[in-house]
Amino acid sequence: MSQLPLIAIIGPTASGKTRRAVGLALATDSEIISADSRQVYRGMDLGTGKDIEEYAPVMRKFASCSHSRLPGLHLIDICPAGYKYNLHEFLRDYHAAADSIRSLGHNVLLCGGTGMYAEAVLSGMRLPEVPEDPAFRESVKEISLQELQHRLSQLKQLHNTTDVDTHARAVRALEIELYYRSHPEAAAAADRNKAVHPPSVIFMIDVPRDTRRARISERLHARMNAGMDEEVKGLLDSGIKADDLIYYGLEYKYLTLYVTGRMTRSEMLSALETAIHQFAKRQMTWWRGMERRGFTLHHLSYDLTDEEFNSRALEIIHNSTE
């Protein structure tokens, strides 16, 4: 198959993106690059919904030409738990992986639910590295999350607060924005590098709200039954600080509060389920915002058969290359 435009599969949590990505990757000779801000961490499997076993067909297909630890699958399990991966590193690693994939004659399929990561790739953004500023971090360590978010909103438009929903994330976002303000050459480079959208075909997995909520709840209880609390206990026992796990939000925030005795199990489950539903709603807000910002999203229903999904997707890809 000739070189195709970048293929992207996006959608809210529990929409079945992984299965769709695997099927379409096999049909288009594509390797998959994850656009998930938490699946980069090793040992954080159940809480991030990696579902590595679902990728097995792709990993078998590309095993003979593997240039990553997981054949045909990139940007999963690349950092130790406790590390704070960021957008700059993601873009650097994405472009390195994409260049490597294409050099072998394969296509690139981006799959994930972190809107900021996916949109950064699809917009063609390339950002210079922004160093940490210890003095700045010390100066804001006692400032509330709400105040940090307010300060950031005075410097840039916040489409939502999904990626600044903890103190550490808000500090980093503010640190980056202030760096650009004091280094106009870096800001200019960032603006230039996001000016041209690479050719792409974006598929949005549509799930009705009530169905999405039911799938989220079912998935949460299945992961709890699979031992998600034991995963968090193991991470803590390995020496990772509780605050570092709380930083990752959602499952790791509430399960850490539970296993360290700061919440009961019933309190944790109720709060976590609510938080995941809210997160999915914010994801949908981001995707709708992308359409307003000029991206074309091809909506495909979650309940299509695999054959129907691939057939419609391939037709859209073919039409986009004519």
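Quick caveat, the model's predicted, so the values are computed rather than measured.

A. Layout of unusual backbone geometry. Despite not being glycine, Leu75 shows a phi value in the positive range, around 65 degrees. Tracing the chain through its elements places Leu75 in the loop between strand E4 (73-74) and strand E5 (79-80). Unusually for a residue other than glycine, Asp77 sits at a positive phi of about 60 degrees. Structurally, the position occupied by Asp77 is in the loop between E4 and E5.

B. Region of interest: the nonpolar core. Among the nonpolar cores identified, the biggest contains 66 residues, and Ile33, Phe90, Tyr94, Leu110 and Trp287 are the most heavily contacted of them. Here the element with the most residues in this core is helix H13 (residues 265-292); it accounts for 11 residues. Sequence-distant contacts of Tyr94, defined by excluding residues within four places in its chain, comprise Leu6, Ile33, Leu75, Arg102, Val108, Leu110 and Val121. Membership of the second largest hydrophobic core comes to 26 residues, among which are Ile7, Tyr55, Cys111 and Ile317.

C. Structural view of the pattern of salt bridges. Summed over all chains, the structure comprises 20 salt bridges. When the shortest N-O distance is used, the salt bridge between Glu119 and Arg293 registers 2.8 Å. In this pair, Glu119 is assigned in helix H4 (residues 115-122) and Arg293 in the loop between H13 and strand E8 (297-301), connecting sequence segments 174 residues apart. Residue Glu119 is classed as buried on the basis of its relative accessible area, which comes to 12%.

D. Here's a closer look at the sheet that holds strand E6 (residues 107-111). The strand order E4-E2-E6-E1-E7-E8 describes an open sheet built from 6 strands, whose pairing is parallel. Sheet topology places E4 and E8 at the edges, where each strand pairs with a single neighbour. Pairing geometry for strand E1 (residues 6-10) and E6, over 3 bridges, is parallel. Pairing of Ile7 across the sheet is with Leu109, part of E6. Seen against the sheet, helix H14 (residues 306-320) touches E1, strand E7 (200-206) and E8 and runs at an angle of roughly 150 degrees to E7.

Reading guide: rules and limits
Residues numbered from 1 in each chain as written. Predicted model: local features only at pLDDT ≥ 70, side-chain atom pairs only at ≥ 80, totals over all residues. Heavy atoms only, no water. Helix = DSSP H or I, 4+ residues; strand = E, 2+ residues; numbered from the N terminus. Core = buried A, V, L, I, M, F, W, Y, C linked by side-chain atoms within 4.5 Å. Buried < 20%, exposed > 50% of the residue type's maximum accessible area, 1.4 Å probe, protein only. Contact = heavy atoms within 4.5 Å. Salt bridge = Lys/Arg side-chain N within 4 Å of Asp/Glu carboxyl O. Pairing = 2+ DSSP bridges. Axes fitted to C-alpha atoms, helices over the stretch in contact; angles between N-to-C directions.

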